[in-house]
Amino acid sequence: MERTLSIVKPDGVEKGVIGEVIKRFESNGLKVIAMKMVRMSKEQAKGFYYVHRERPFYDSLTDFMSSGPAVAMVLEGENAIANNRELMGATDYREAAEGTIRRDFATDIERNIVHGSDGPETASFEISYFFNELEICG
Ligand code: CMP
């Protein structure tokens, strides 16, 4: 069993696809064991994406992530990190496989509907960024 962090980003919330995204997780072996709606400040978004601080898109990405509510979730399942990444599809929706969340709903490389942890260390940092142990019902 593995845990990963998923975020339905502000564009996903705005488009009304929170339920659709969760349905895909639940139908594909990922159990939601913690969830909350969050409105990140610019500083909180910068802290979350600190690993990308040198990237040219860091400022715009953190503006976007703090532009409205998002839904953070902890998912649990076998190979949860890789499974979630497969369900999301490539970062750039134009390269994402058919039937993936980003291919179906994203319209922009930055506004790509969902975020998912990319490895075990990232997952543990990202989960603890939003949730304490009491809030995780695994
Ligand atoms: P995410 O999986 O949340 O991880 C980092 C985010 O940065 C990514 O999804 C996109 O939202 C954004 N991103 C990655 N690459 C680019 C890019 N080339 N241009 C703009 N935004 C990007």
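As the structure is a computational prediction, the values presented were derived from the model and not from experiment.

A separate point is the overall build of the protein chain. Of the regular secondary structure elements, the protein chain holds seven helices and four strands. Counted from the first residue to the last, the protein chain has its helices and strands arranged as β-α-α-β-α-α-β-α-α-β-α. For the protein chain, whose C-alpha radius of gyration is 14 Å, the value lies close to the compact-globule estimate of 14 Å for 138 residues. Looking at the protein chain as a whole, 48% of its 138 residues are labelled buried.

Before going further, it helps to examine the site of the ligand. Around the ligand, the neighbouring residues are Lys-9, Tyr-49, His-52, Phe-57, Leu-61, Thr-91, Arg-102, Ile-109, Glu-110, Asn-112 and His-115. In this structure, Lys-9 approaches the ligand through a side-chain N or O atom, which is 2.8 Å from an oxygen atom. The contact in question runs from an oxygen atom of the ligand to an N or O atom on the side chain of Arg-102, over 3.1 Å. Contact with the protein chains hides 78% of the accessible area of the ligand, taken as 460 Å² for the molecule alone. Within the shell around the ligand, the residues separate by chemical class into four nonpolar, four polar and three charged.

Turning our eyes to something else, we now look at the sheet that holds strand E2 (residues 31-38). The strands that make up a sheet are held in pairs by hydrogen bonds between backbone atoms, and each pair lies either parallel or antiparallel. Taken in spatial order, the four strands line up as E2-E3-E1-E4 in an open sheet, and their pairing is antiparallel. Every interior strand has two partners, whereas the edge strands, E2 and strand E4 (114-116), have only one. Sheet twist, expressed as the average angle between the axes of neighbouring strands with direction ignored, equals 20 degrees. Bridge count between strand E1 (residues 2-8) and E4: three bridges; the pairing is antiparallel. Looking across to E4, one finds that Ile-7 is bridged to His-115.

A full pass over the atoms with the stated rule returns nine salt bridges. Ionic pairing is found between Arg-24 and Asp-104, a salt bridge with its closest N-O pair at 2.9 Å. Here Arg-24 is found in helix H2 (residues 18-26), whereas its partner Asp-104 is found in helix H6 (residues 101-105), with 80 residues between them in sequence. Under the relative-accessibility criterion, Asp-104 is labelled partly exposed at 37%. Salt bridges linked by common partners bring Glu-20, Arg-24 and Asp-104 together as one network.

Right, let's talk about the environment of Asp-108 for a bit. Along the chain, Asp-108 turns up in the loop between H6 and E4. Each C-alpha atom of the pair Asp-108 and Ala-97 lies 15 Å from the other, and the pair is eleven residues apart in sequence. Polar side-chain contacts of Asp-108 include one of 2.8 Å to the backbone nitrogen of Glu-110. A polar side-chain atom of Asp-108 sits 3.2 Å from the main-chain amide nitrogen of Arg-111.

The next point concerns H2. Side chains that are three or four residues apart share a direction in an α-helix, a result of its 3.6 residues per turn. By the burial criterion, the buried members of H2 are Val-21, Ile-22, Arg-24 and Phe-25. On an axial view of H2, the arc spanned by its buried residues comes to 155 degrees, and they lie on one face. Exposed and oriented more than 90 degrees from the buried face of H2 are Lys-23 and Glu-26. On the buried face of H2, the contacting elements are E1, E2, strand E3 (70-77), helix H5 (80-88), H6 and E4.

Criteria and cut-off values
Residues numbered from 1 in each chain as written. Predicted model: local features only at pLDDT ≥ 70, side-chain atom pairs only at ≥ 80, totals over all residues. Heavy atoms only, no water. Helix = DSSP H or I, 4+ residues; strand = E, 2+ residues; numbered from the N terminus. Rg over C-alpha atoms; globule rule 2.2 N^0.38 Å. Buried < 20%, exposed > 50% of the residue type's maximum accessible area, 1.4 Å probe, protein only. Near = heavy atom within 4 Å. Polar contact = N/O pair within 3.5 Å; in protein donor to acceptor, adjacent residues only side chain to side chain. Areas by Shrake-Rupley, 256 points an atom, 1.4 Å probe, with all protein chains shown as cover. Nonpolar A, V, L, I, M, F, W, Y, C, P; charged D, E, K, R; others polar. Pairing = 2+ DSSP bridges. Axes fitted to C-alpha atoms, helices over the stretch in contact; angles between N-to-C directions. Salt bridge = Lys/Arg side-chain N within 4 Å of Asp/Glu carboxyl O. Arc of directions from axis to C-beta. Contact = heavy atoms within 4.5 Å.

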